[in-house]
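# Reading the structure
Next come the chains, spelled out residue by residue.
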Amino acid sequence: MAFEFILPDIGEGVVEAEIQRWFVKPGDEVQEDQPLVEVMTDKATVTIPSPRRGRVTRLLYEEGQIARVHHPLLELELELDGVGPVQQPAPIEVATAAPTVTSTAAPPARTAPPAATAAAAPQQKPLATPAV
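Just so we're clear, the structure is a prediction, and the values are computed from it rather than from any experiment.

### Describing the overall build of the chain
Each helix and strand in the chain was counted, giving one helix and eight strands. What you see in the chain, going N to C, is helices and strands ordered as β-β-β-β-β-β-β-β-α. The buried share among the 132 residues of the chain stands at 23%. Of the contacts formed within the chain by residues at least 6 apart in sequence, a portion of 56% connects residues at least 24 apart.

Given below as structure tokens:
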């Protein structure tokens, strides 16, 4: 599956970056977090890592060209756990059984029957704590 890697927003107010150096070329296999490209903005020079594992299929800029933020830099053919390029993700099956919920909360406090509560209400102070 082709994946377009978009030039991320490197810093506030940065709208473009100059491609200084590519660390990869078409056909290279890349790992997640492997450096892909070094770009220079008006604020800094930054090395941008790969967000995914795959094979570089196309570089969209030459060194020295200006790339715009939020526009594609290169294309990757994605791999899934090292089994080769991904053609199409398999559909996800959804379980129909209700999930089991385990509670660690204390059991509910015992309450008196309604008739006893009404008679005892004027004599008891409510148990309450201040809001935190």
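After presenting the structure, the write-up continues.
### A word on the nonpolar core
I19, W22, V37 and L73 are the most contacted members of the largest nonpolar core, which totals 21 residues. Once residues within four sequence positions are removed from consideration, W22 is found in contact with L36, V37, L59, Y61, E62, E63, L73 and L74.

### Considerations on the sheet that holds strand β6 (residues 54–59)
Taken together, the four strands give an open sheet; going across it, the order is β1-β8-β6-β3, and neighbouring strands pair in antiparallel fashion. Single-partner strands in this sheet number two, and they are β1 (2–6) and β3 (29–30). Pairing of β3 with β6 involves two bridges; the strand directions are antiparallel. Across the sheet, the residue bridging to V30 is G54, located in β6.

### A look at the packing of aromatic side chains
As enumerated under the stated definition, the model contains zero aromatic pairs in all. The aromatic ring of F3 is capped on one face by R52, whose charged end is 4.5 Å from the ring centroid.

### Regarding the side chain of S50
Here S50 shows up in the loop between β5 (45–49) and β6. Polar side-chain contacts of S50 include one of 2.5 Å to the backbone oxygen of R52. Beyond its immediate chain neighbours, meaning those up to four positions away, S50 contacts V30, Q31, E32, D33, Q34, L36 and L76.

### Points about the pattern of salt bridges
Summed over all chains, the structure comprises four salt bridges. Two residues, R68 and E16, come together in a salt bridge whose shortest N-O distance is 3.8 Å. You can see R68 sitting in strand β7 (residues 66–68) and its partner E16 sitting in strand β2 (residues 16–22), a full 52 residues away along the chain. A relative accessible area of 42% places R68 in the partly exposed class.

Cut-offs and rules
Residues numbered from 1 in each chain as written. Predicted model: local features only at pLDDT ≥ 70, side-chain atom pairs only at ≥ 80, totals over all residues. Heavy atoms only, no water. Helix = DSSP H or I, 4+ residues; strand = E, 2+ residues; numbered from the N terminus. Buried < 20%, exposed > 50% of the residue type's maximum accessible area, 1.4 Å probe, protein only. Contact = heavy atoms within 4.5 Å. Core = buried A, V, L, I, M, F, W, Y, C linked by side-chain atoms within 4.5 Å. Pairing = 2+ DSSP bridges. Phe/Tyr/Trp six-rings, centres within 6.5 Å; stacked < 30°, edge-to-face > 60°. Lys NZ or Arg CZ within 6 Å of the ring centre and 35° of its normal. Polar contact = N/O pair within 3.5 Å; in protein donor to acceptor, adjacent residues only side chain to side chain. Salt bridge = Lys/Arg side-chain N within 4 Å of Asp/Glu carboxyl O.

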